[in-house]
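Summary of the model geometry
The residues making up each chain are set out below.
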Amino acid sequence: MVLIVDDIRANIIALKKTLELHDIDVDTAESGEEALKKILKTNYCLIIMDVQMPGLDGFEVVKILSGNKRTKDIPVIFLSALNIEKKYIFKGYETGAVEYITKPVDSDLLILKVKTFIKIYEQQNELKGMKDLLSKEIKIRKEAQDNLEIKIAERTRELVLKNEELELRNHELQQFSWVVSHDLNEPIRKIQIFIKIIKELYLTTDEKAIDYVDRTIKSAERMQTLITDLLAYSRLSSQVKPETTDLNEVLQEVLSDFDYLIERKNATIKTTELPTIDSIPSQLRQVFQNLIGNALKFSGNTENPIIEITSEIIAEKSFESQVSANGKFCRITVKDNGIGFDEIYLDRIFIIFQSLNDRQKYEGTGIGLAIAKKIIEKHNGLITARSQVGEGASFIIILPLKYE
């Protein structure tokens, strides 16, 4: 809205009609005092002010407006027929007016200037609105950021405390495992010794008693194996620094351990060149022992068990990854032609104490593959299996060449 201030009513009416013809909202005041009262109550986008008025003149009114924070930015156009000398024009600009027009007025030029200032006012209001919105957005984001930082700091403290508590529990668990292992193994060893003494000294002719004693010895051996496997599983929680490892050497050590069983089963072992990687050698030796041991154990009635250990360098950490000479991962496959298993039980075989076969026929604790899985995961790798009943099994391992 535009405010016209003039002490001559005829001037106000004429200018008001001119502006209203161009759809410009107009308000009027017939003195400087009346103008000030209206300006304090209403927001105007432009003031067209006569200079010479009784009471407060135009210069005094504009000076008062310039000193007020709310009104200092309202544009003022002076309109005068009497004060047309340069000194009055300079004074008008000095007091804060944006334009000084002398009469007679060119209506078209005046309308053009009024519309320009109205447009500037609207743009300023729009910019102010955007600035306010932006300020609110910045404030909201800053509060959200501050809250997020506080929550992150609190969560970090919680995680540090939990991690320290977990490390303490792991340490206690390892100590407990060692103590329990020793305390359980010792009486079992004595049972085995005394049972063997009884068998050799007192039961040489009683076949039924010898059978019972042999069963007792077998049970004690299974218990000892279970304790050893549980201890091995608990040790995997400890932190060990990886080292450069030639997997060919690790594999040969494992095959040497199985020399007798390989020869007795008349098994054929086929191997390709394995890579050198960053790993914990003792743990990967255990993986190969478990996989090759299972392949020999579950060979079934096969007259000539065949076990193949192959390796490929691949591009990605994926079972389906393409072979790549410059890859950062290796894919190791341990394949056999034994009894196999139904793949619907794939998830079960890597769970501790889970076994798909009759433990009377195939001895075992059900811990070996769980240990293998945990070791591979500690090396940032993957392990799975492919199999069909009666057609053997393939265990596939993905390992990074460099430990990160």
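Keep in mind that what you see is a predicted model, and the values were worked out from it rather than measured.

Reading the values: the criteria
- Residues numbered from 1 in each chain as written.
- Predicted model: local features only at pLDDT ≥ 70, side-chain atom pairs only at ≥ 80, totals over all residues.
- Heavy atoms only, no water.
- Helix = DSSP H or I, 4+ residues; strand = E, 2+ residues; numbered from the N terminus.
- Buried < 20%, exposed > 50% of the residue type's maximum accessible area, 1.4 Å probe, protein only.
- Contact = heavy atoms within 4.5 Å.
- Areas by Shrake-Rupley, 256 points an atom, 1.4 Å probe, with all protein chains shown as cover.
- Lys, Arg positive; Asp, Glu negative; His and termini not counted.
- Charge placed at Lys NZ, Arg CZ, Asp CG, Glu CD.
- Axes fitted to C-alpha atoms, helices over the stretch in contact; angles between N-to-C directions.
- Left-handed = near helix turned anticlockwise from the far one by under 90°.
- Nonpolar A, V, L, I, M, F, W, Y, C, P; charged D, E, K, R; others polar.
- Phe/Tyr/Trp six-rings, centres within 6.5 Å; stacked < 30°, edge-to-face > 60°.
- Arc of directions from axis to C-beta.
- Pairing = 2+ DSSP bridges.
- Right-handed = clockwise from strand over helix to strand, strands pointing away.
- Patch = residues over 30% accessible without salt bridge, like charges linked within 9 Å, V, L, I, M, F, W, Y side chains within 5 Å.
- Salt bridge = Lys/Arg side-chain N within 4 Å of Asp/Glu carboxyl O.
- 1 Å grid on protein atoms, 1.4 Å probe; cavity = no way out; pocket = protein on both sides within 12 Å on 5 of 7 lines; lining within 4 Å.
- Points joined across faces, edges and corners; volume = space filled by probe spheres on them.

All right, on to the overall build of the protein then. Per the secondary structure count, the protein includes eleven helices and twelve strands. Overall, the protein is about 145 × 45 × 35 Å in size when its C-alpha atoms are taken along their principal axes. When the 404 residues of the protein are sorted by exposure, 36% land in the buried category. Taking the contacts inside the protein whose residues are at least 6 apart along the sequence as the reference set, 66% of them involve residues at least 24 apart. Only carbon and sulfur atoms are counted for the fraction: they give 53% of the accessible area of the protein, which is about 25,200 Å². Positive and negative side-chain charges of the protein, numbering 55 and 63 respectively, have mean locations separated by a distance of 4 Å.

Our focus in this paragraph is the packing of helix H9 (residues 281–297) against helix H11 (residues 368–378). Contact geometry of H9 with H11 gives a least axis separation of 9 Å together with a crossing angle of 145°. As for how H9 packs across H11, the hand of that crossing is left-handed. In this structure, H9 contributes Gln-283, Leu-284, Gln-286, Val-287, Asn-290, Leu-291 and Asn-294 to the contact, and H11 contributes Gly-368, Leu-369, Ile-371, Ala-372, Ile-375, Ile-376 and Lys-378. Of the residues contributing to the contact of H9 with H11, the split by class is eight nonpolar, five polar and one charged.

What follows is about the packing of aromatic side chains. Applying the stated criterion across every chain yields a total of three aromatic pairs. With a centroid separation of 5.2 Å and 80° between ring planes, the pair formed by Phe-59 and Phe-78 is classed as edge-to-face. With a gap of 19 residues between them, Phe-59 in helix H3 (residues 58–66) and Phe-78 in strand E4 (residues 76–80) connect regions that are remote in the sequence. Comparing Phe-59 with Phe-78 shows no difference in burial state: the two are buried. An aromatic cluster is present here, built from Phe-59, Phe-78 and Tyr-100 joined pairwise through their rings.

Turning to helix H2 (residues 32–41), its buried residues are Gly-32, Ala-35, Leu-36 and Ile-39. Buried residues of H2 fall within an arc of 100° about the axis and therefore sit on the same side. Exposed and facing more than 90 degrees away from the buried side of H2 are Lys-37 and Lys-41. Summarising the contacts, the buried residues of H2 are in contact with strand E1 (2–5), strand E2 (26–29), strand E3 (46–50) and H3.

Before going further, it helps to spend a moment on the pairing of E2. Here E1 pairs with E2 via four bridges, running parallel. The residue bridging Ile-4 from the neighbouring strand is Thr-28, located in E2. The β-α-β motif built from E1, the intervening helix H1 (residues 9–20) and the parallel element E2 has right-handed crossover chirality.

Here the focus is a nonpolar patch on the surface. A surface patch of nonpolar side chains, amounting to about 650 Å² of accessible area, comprises Ile-193, Phe-194, Ile-197, Ile-198, Leu-201 and Tyr-202. Topologically, Ile-198 is positioned in helix H5 (residues 107–202).

Attention now moves to the pairing of E4. Along E4, five of the five residues are buried, which leaves the element largely enclosed by surrounding structure. In this sheet, E4 lies alongside E3 in parallel orientation, the contact comprising four bridges. Paired with Met-49 across the bridge in E4 is Phe-78. What joins E3 to E4 is H3, and the crossover it makes is right-handed. Alignment of E4 against strand E5 (residues 99–102), held across four bridges, turns out to be parallel. Note on E5: the bridge partner recorded for Ser-80 is Thr-102. A crossover connection joins E4 to the parallel E5 through helix H4 (residues 86–95); in handedness this β-α-β unit is right-handed.

Before going further, it helps to examine the layout of surface pockets. Counted as a void, the second largest pocket has a volume near 340 Å³. Looking at the second largest pocket, it is lined by 13 residues, and the ones nearest its centre are Arg-70, Asp-73, Tyr-121, Asn-125 and Lys-128. When its residues are assigned to classes, the lining of the second largest pocket shows five nonpolar, four polar and four charged.

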